[in-house]
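# Survey of secondary and tertiary structure
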Amino acid sequence: MMTADELNGYIMHYLEEDKTHTAIMLTGEWGSGKTYYVENILVPFLQREKKNRIPLLKKGKENRCVVISLYGLEDLSDISKSIYMELRMKALDKDSEAVSTGKLIAKTVAKGIAGKFGIDVNMSEDDLRKIYSSIDLSNKLLVFEDVERSNIEITKLLGYVNNLVERDGVKVLLVANENEILGKSPESFDFDYNKLFSENPQNDEEQCNKNCVPEEVQKYLRIKEKTISDTICFECDYCEAVKNILAVFKNEKLKEIINQDPRIIEQLALAVKDSCHKNFRTFIFAT
């Protein structure tokens, strides 16, 4: 298991040094804190590093990370539109009055009324393609979250990602619950990648290995092998995560209880692992 700092360093190295023209994947169970890590740890870290290397960089001038949720998207063109809209919204947000006055910007709503920001949502597909081609993703990490919750066929999605990383040189991080993509629980079936892709099984074990894995899973794994170079299993620091969740509530009674007995954090972390089945959303609801 990597610490958050180690994971940050690994992703930074991928962003700046990797020459494989492949994507990487961060996988973990639902509610394990992947989105929290991306939004509250990874994105600020990448932005901080950018500013440290370019001291004169103005706040909000350039974003190192573009985060897109694939939740419910139906078509590959929806991904392109989401990337374009996210970049446009970032550019509009940084100088907007709403930001300077501390108002809450609901990006989901703002994207739904994009015409208000001078974006013609009725443009032809040809015009949209021209706009997409002008999007500059150099030196940026493109993060696709909720991969398993997309309505796009997974093999088509990986083909889209492969074009981004191999042909366009974009750096892509896929955030997913891969067990859901594979249609299995962690214990349901296992396989040897080398034996799985053997064209001529040498024995009954290798043949069984191929027969036990559904064809759609085999197809996914074949495409994944070409597109994704590394898969990191995500598991957070439970004690630190519990502290962060409790701090969000700003509840004096909770602070008093924790100050009286700091060991309660460890007890709550164990409760998240056991009673909550490592799902922090359950713990948040309980709190």
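This text goes with the structure placed above it.
Our subject in this report is the structure included herewith.

What counts, and at which threshold
Residues numbered from 1 in each chain as written. Predicted model: local features only at pLDDT ≥ 70, side-chain atom pairs only at ≥ 80, totals over all residues. Heavy atoms only, no water. Helix = DSSP H or I, 4+ residues; strand = E, 2+ residues; numbered from the N terminus. Contact = heavy atoms within 4.5 Å. Phe/Tyr/Trp six-rings, centres within 6.5 Å; stacked < 30°, edge-to-face > 60°. Buried < 20%, exposed > 50% of the residue type's maximum accessible area, 1.4 Å probe, protein only. Pairing = 2+ DSSP bridges. Axes fitted to C-alpha atoms, helices over the stretch in contact; angles between N-to-C directions. Expected span 1.5 Å × (residues − 1). Arc of directions from axis to C-beta. Disulfide = S-S within 2.5 Å. Parallel < 35°, antiparallel > 145°, perpendicular 65-115°, else oblique. Nonpolar A, V, L, I, M, F, W, Y, C, P; charged D, E, K, R; others polar.

To continue, consider the environment of Ile 154. Tracing the sequence through the fold places Ile 154 in helix α7 (residues 154–167). Remark: the alpha-carbon pair of Ile 154 and Glu 216, spanning 62 residues in sequence, is separated by 9.6 Å. Discounting chain neighbours no more than four positions away, the residues touching Ile 154 are Val 147, Ile 181 and Tyr 220.

In total, this model carries two aromatic pairs according to the counting rule given. Taking 5.7 Å as the distance between ring centres and 45° as the angle between the ring planes, the aromatic pair formed by Tyr 37 and Phe 234 counts as tilted. Here the residue Tyr 37 occupies a position in helix α2 (residues 34–53), and Phe 234 occupies one in the loop between β5 (228–233) and α12 (238–249), the gap between them amounting to 197 residues. Assigned by exposure class, Tyr 37 and Phe 234 land together as buried.

Below, the discussion takes up the sheet that holds β5. One open sheet accounts for five strands, arranged β2-β3-β4-β1-β5; its pairing is parallel. The sheet terminates laterally at β2 (65–69) and β5, the two strands that pair on one side only. Between one strand axis and the next, the sheet turns through 20° on average, direction left out of account. Here five bridges tie strand β1 (residues 23–27) to β5, and the two strands are oriented parallel to one another. In the sheet register, Ile 24 faces β5, and the bridge partner there is Asp 230. Contacting β1, β3 (141–145), β4 (171–176) and β5, α7 crosses the sheet at an angle of about 155° to β4. Helix-sheet contacts for helix α11 (residues 215–227) involve β1 and β5, and the interaxial angle to β5 is about 105°.

Note on helix geometry: an α-helix contains 3.6 residues per turn, so any two residues three or four positions apart are oriented the same way. Along its 14 residues, helix α1 (residues 4–17) runs 19 Å from first to last C-alpha, staying within 8% of the 20 Å computed at 1.5 Å per residue. Within α1 the residues assigned to the buried category are Leu 7, Asn 8, Ile 11, Met 12, Tyr 14 and Leu 15. Summarising the axial view, the buried residues of α1 lie within an arc of 160°, below the 170-degree limit, and thus occupy one face. Looking at α1, the residues exposed on the side facing more than 90 degrees away from the buried face are Asp 5 and His 13.

Considering all chains together, one arrives at zero disulfides under this definition. With no disulfide of its own, Cys 239 lies closest to Cys 236 among cysteine sulfurs, the gap being 9.7 Å. The exposure class of Cys 239 is partly exposed, given its relative accessible area of 27%.

Another aspect to go through is the packing of α12 against helix α14 (residues 264–274). Two elements in contact, α12 and α14, have axes whose closest approach is 9 Å; the angle formed by their N-to-C orientations is 100°. Classified by the interaxial angle, the pair formed by α12 and α14 is roughly perpendicular. On the side of α12, the interface is formed by Tyr 238, Cys 239, Val 242, Lys 243 and Leu 246, while α14 contributes Ile 265, Glu 266, Leu 268, Ala 269, Val 272 and Lys 273. Looking at the contact of α12 with α14, its residues break down into eight nonpolar, no polar and three charged.

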